[in-house]
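One-letter residues, chain by chain:
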Amino acid sequence: MARPREFDIDVALHDAIDVFWTLGYGGASMEELIKGMGLTKGSLYKAFGDKRTLFLLALQRYIDERLTRYEVGLTRPGSPKAAIREILLDYVKRATDPFDTRGCLVTNTTTEMATRDPEIARVLARMFARLEDLFAGAIARAKESGEVDPSKDERALARFFVLTIQGVRVMSHMRPDPRQLAASVEVALSTLSSGPISSRRDNPTPMH
């Protein structure tokens, strides 16, 4: 039974996320969205407009919720280095969950739409930039506490961790061995130890 006109917008958006996450933007027809969200066609169009507008709202909600979780994890009291490890291993856990084969909505959207929809590309770029900021902040705190060599370039390392995460999420579609991904996380974390990744402020690499 369809929801009455005064439905909960938050619940409807989460239902839309599930449909887009499962089927992708191209595979999610209006009929599938109406069914998945439990709305009438008129209610959906009145509340959200067209499919693309609904997708942008659903994608932003998904991004906001994920960034909130990562911000809590990366700014918590205690060891910043341990917090980074837990975030990376959480990605591995999600990527190898046998009961969820959908991957990551952000990664899926990046591969499906970023090259052909500039507005969606900008939304995704802002998300990656914010995640990079969170990692950079954690690494800076780890440098201050003595967990990371102070000569390390936190911005370069943060960008590397974002790339690592996205690689893990892409690999999730191939159902990789969790132990192999966990070992790769430890390799990534080893960049926080003494080594050649030092600060170079004269020629920073921009993130697009």
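Note that the coordinates shown come from a computational prediction; the quantities given were computed from them, not determined experimentally. (Residues numbered from 1 in each chain as written. Predicted model: local features only at pLDDT ≥ 70, side-chain atom pairs only at ≥ 80, totals over all residues. Heavy atoms only, no water.)

(A) Summary view of the pattern of salt bridges. In total, this model carries 15 salt bridges according to the counting rule given. Of the charged contacts, one joins arginine 52 and aspartate 117 as a salt bridge, the two residues approaching to 3.0 Å between their closest N and O atoms. Placement of the pair is arginine 52 in helix H4 (residues 51–74) and aspartate 117 in the loop between helix H6 (105–113) and helix H7 (118–145), with a sequence separation of 65 residues. On the basis of relative accessible area, arginine 52 is assigned to the partly exposed category, the value being 27%. Judged by its relative accessible area of 10%, aspartate 117 is buried. The closest approach of N and O atoms between arginine 155 and glutamate 132, which form a salt bridge, is 3.0 Å. In this pair, arginine 155 sits in helix H8 (residues 154–171) while glutamate 132 sits in helix H7, placing the two residues 23 residues apart along the sequence. Owing to a relative accessible area of 3%, glutamate 132 belongs among the buried residues under this scheme. Several salt bridges share partner residues, and in doing so they unite Glu132, Asp133, Arg155 and Arg159 into one network. (Salt bridge = Lys/Arg side-chain N within 4 Å of Asp/Glu carboxyl O. Helix = DSSP H or I, 4+ residues; strand = E, 2+ residues; numbered from the N terminus. Buried < 20%, exposed > 50% of the residue type's maximum accessible area, 1.4 Å probe, protein only.)

(B) Expanded view of the nonpolar core. Core analysis: the biggest nonpolar cluster contains 61 residues, and Ile84 and Phe135 have the highest contact counts within it. Considering each element in turn, this core owes the most residues, 12 residues, to H7. Not counting residues within four places of it along the chain, the set of residues in contact with isoleucine 84 comprises Leu74, Phe135, Ala138, Ile139, Phe161, Leu189 and Leu192. (Core = buried A, V, L, I, M, F, W, Y, C linked by side-chain atoms within 4.5 Å. Contact = heavy atoms within 4.5 Å.)

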